[in-house]
Amino acid sequence: MNTIKPFLFLTILFFSSMAMAQVSSVTVSGIVINKNKAAVPYTNVILKDTKDNAFVLGTITNEEGRFSLAEVKPGNYHLEISLSGYVSKEHPLFIGSLSPFLDIPSIEIESNTSEKETKIEEVVVTASKKNEIGNQLDKKTYSVADNISQSGGSVLQSMQNLPGITVQDGKVQLRGNDKVTVLIDGKQTALTGFGSQTGLDNIPSSAIDKIEIINNPSSKYDANGNAGIINIIMKKNKQNGWNGKVGLTTGLGSLWERKENLPGIRPQYTLTPKINPSVSLNYRKDKINIFLQADNLYTQTLNKNEFVTRTYDDGTIINSQLKRNRNTNFLTTKAGIDWTIDSQNTLTVSGMYGSEKIIDRGDQPFFNKDLSQRLRLWQFLEDELKTTVMASVAYQHKFKEAGHLLNVGFNYTFHREDEKYFYDNYLPISTGTDAFKLLSDEQVYDFNVDYVKPLQYGRIEAGIKLRNRSIPTNMNFIPGANSVLDVNAGGWADYKELIPAVYGNYVFENEKWEAELGVRLEYVKIQYDVNPNHPTYKSDGYNYTQPFPNMRLAYKLNDRNKLSVFYNRRVDRPNEVDIRIFPKYDDAEIIKVGNPALRPQFTNSLELGYKHNWDNGYLYSAAYHRFSNGTISRISSTAPGSTLIYAIFQNAGKSFNSGIEAIWNQKVSKVYSFNVNGNLYRNQINAFTVENLYPVPNTFSADQQTAVSGNIKFNNTFKFAKGFDAQLTAVYLAPDIIPQGKISSRFSIDMGVKKSVQNGKGEVFLNASDLLNTMVVKKQIQGSGFQYTSNDYYETQVIRLGYSYKF
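Quick caveat, the model's predicted, so the values are computed rather than measured.

*Asks:* When you look at the packing of aromatic side chains in this model, what are you seeing that I'm missing?
*Replies:* Geometrically, a pair of aromatic rings is defined through the distance of the ring centres and the angle of the planes. The full count for this structure, using the stated rule, is 26 aromatic pairs. With a centroid separation of 5.1 Å and an interplanar angle of 50°, the aromatic rings of tyrosine 412 and tyrosine 445 are classed as tilted. With tyrosine 412 in strand E21 (residues 405–426) and tyrosine 445 in strand E22 (residues 431–455), this pair connects stretches of sequence that are 33 residues apart. For tyrosine 412, a relative accessible area of 22% puts it in the partly exposed group. For the ring pair phenylalanine 477 and tyrosine 585, a centre distance of 6.2 Å and an interplane angle of 80° mean the geometry is edge-to-face. Of this pair, phenylalanine 477 sits in strand E23 (residues 458–478) while tyrosine 585 sits in the loop between helix H3 (576–579) and strand E28 (590–593), and the two are 108 residues apart along the sequence. The residues phenylalanine 477 and tyrosine 585 share a single accessibility class, namely buried. Taken together, the aromatic side chains of Trp664, Tyr672, Phe674, Phe714, Phe718, Phe720 and Phe724 make up a single cluster linked through ring pairs. When the ring centre of phenylalanine 307 is taken as reference, the NZ or CZ atom of lysine 259 above it lies at 5.0 Å.

Structural data, given as structure tokens:
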């Protein structure tokens, strides 16, 4: 607990200076009519501030009597409506920060019977620059371009410095929980996994514009992912004419060897090269906008370098090392066309292609306690190709009121996973060679209809969604001499998923109160058919119809302070890889297997948030509590008479996650600003007993586990003269519990600098991640009949140099 004390002090300090984020701008629309309910065109509409009657914006109504005022900041105003021959009228107007569009009721004006001439004032229409980075209670948005210290890497690396996000075992966590749904442009895709997290460490950040963090999603989002949603927004330009951006980033990782290999294996990667070219092109003319974004990220990486000591109940001790040298090439290309049919209708047709090629060369030696005898050497080659093709059609109809929209979309995804593994198993008295080939072709059809209706004090959202997903998989084990593979556990399996859903959401806001109420109703049917000759597992499936409500209620203490309470219910559905029946041998003696009997995990979340802002900064704070039934966890156990460990997903019962979070952002001067994010939480997993069926039935029981943990990030930004910027980020992750064990604290420092050149059209940057090379993952695991400790010295230190030019 000594490591927690300074962290706890800083977190408590945050709560003593509450602050809040900036609000966005709003578009206000309406219609002016006469006493006969006929529209009155060409009417002057002037927006004035209630405090000092100062002019803010102005416009005139169109032929249909409608008007629209864009980029209005939240506050109290009044509208002045005037036209020659009519009596001028004032209309009070409150503009909140929840809805980007407001539609006020019809404004009726009366004829001027005195027949006095009414002077027509000159109307000047102005616009302010829209704030591109928003921080709200329900959503926090960050620009990837501002994350200087991680430019040129992968999306996963860009995320790890963002407030509220931590990265563990290649997965992002929100508030210490990895049950996160990752979207691309608001949609689930095969690139990031449907309900899981895949590929984030290889998707180039150069393709990304912004990242949104949504801790409390509304009902319009899929109910999957109890920790929240991360929405990755890809780049897309809409400027007139030809424009675009080209870039090139190079880098080196694993600058030196942090821990030498155990005897007798191939060298680990050092001085690993990285290269990331990117191009973005856009052409817009009249009603047509054509766009293209292409990025290629090639890396060599010391992906794994884990040293493990296993101790069994009979006193046996085995020391091992799992070293994995990885070559990866990830190509993503997105192209499409926007067609503005007319002022109210738009059609977008787009496609995306992704190709991820991974070559792993690994060594895993096993030694006795004092390293005097090698018990076994496991060497492997993995050749994996993942291919993704997506096609999308989106239609948008804009009604006459601003922000009144109907969106219809169809998405098709094809994702092929083609894996080949080759193993050499060296024992003291024999040598064996094995291989396997896995082929999986995933197809997903998504259809959605979304409707938005602005109101004077909020909006109504409603929609339907239908998903049909199928994943036929075939595993072909190819045993060689002295094979260690369970060849009977291969064959075919077929995963089918059907999810129709409907949702409704109501948002309300006035001068003192904000409210959001919604519910999503989902029907889910999962069927997993397996090879009838499988020695352990049989076909299985489940279905349910469940409501997933969400609620937010906020009270505005004054212009700078707001108190909010959130509630939502969400689910974590097992993904296909979680129930996949085929044993995976990427670790020779820790075999990972899925579980077709795995069921969804349902979670209820409560959160109390407070915000306060001042001119040069803000601090957002929240207290939260989650409780889950059927907690999904990977349980490790040994089979009778064997030292092999089998890690199998199970529903481990109830778990709880409670904590406090604070984000403090402060602009100290024109040169220096900082952002501090702290998260302190308590995790609890109740005592449970489960039965692992593979390879033979065995029972595992665990006592209740609790731990207090957290993380703190200190991000410093410097903006010097002549377009020179710098960033320094420090991250501390406190010890935490993991399934059947604990993970030790971790710490790293990242830094980066960039310089604007060529009159602002070019940019050069240099950055370094894990500058002091201190990020080592240390774990302690307690299993049935064994325990082990591990230290993973995988590649974390990378230096990158990049250049980009926009035209």
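Moving on from the model shown.
*Asks:* Would you mind going over the sheet that holds strand E2 (residues 44–49) with me for this structure?
*Replies:* Strand pairing in a sheet is mediated by backbone hydrogen bonds. Such pairs are either parallel or antiparallel. With antiparallel pairing, 4 strands are arranged side by side in an open sheet as E3-E2-E5-E6. The sheet terminates laterally at strand E3 (55–60) and strand E6 (89–95), the two strands that pair on one side only. Pairwise comparison of adjacent strand axes, ignoring direction, gives a mean angle of 20° for this sheet. Pairing between E2 and E3: 5 bridges, direction antiparallel. Bridge pairing in E3 places leucine 47 opposite leucine 57.

*Asks:* Is there a simple way to explain the pattern of salt bridges in this structure?
*Replies:* When the charged atoms of two side chains with opposite charge come close together, those side chains can pair. By the definition in use, this model includes 40 salt bridges. Put simply, glutamate 514 and arginine 552 hold a salt bridge, and the shortest N to O gap is 3.1 Å. You can see glutamate 514 sitting in strand E25 (residues 513–530) and its partner arginine 552 sitting in strand E26 (residues 540–558), a full 38 residues away along the chain. The same class applies to glutamate 514 as to arginine 552, namely buried.

What counts, and where the lines are drawn
- Residues numbered from 1 in each chain as written.
- Predicted model: local features only at pLDDT ≥ 70, side-chain atom pairs only at ≥ 80, totals over all residues.
- Heavy atoms only, no water.
- Phe/Tyr/Trp six-rings, centres within 6.5 Å; stacked < 30°, edge-to-face > 60°.
- Helix = DSSP H or I, 4+ residues; strand = E, 2+ residues; numbered from the N terminus.
- Buried < 20%, exposed > 50% of the residue type's maximum accessible area, 1.4 Å probe, protein only.
- Lys NZ or Arg CZ within 6 Å of the ring centre and 35° of its normal.
- Pairing = 2+ DSSP bridges.
- Axes fitted to C-alpha atoms, helices over the stretch in contact; angles between N-to-C directions.
- Salt bridge = Lys/Arg side-chain N within 4 Å of Asp/Glu carboxyl O.

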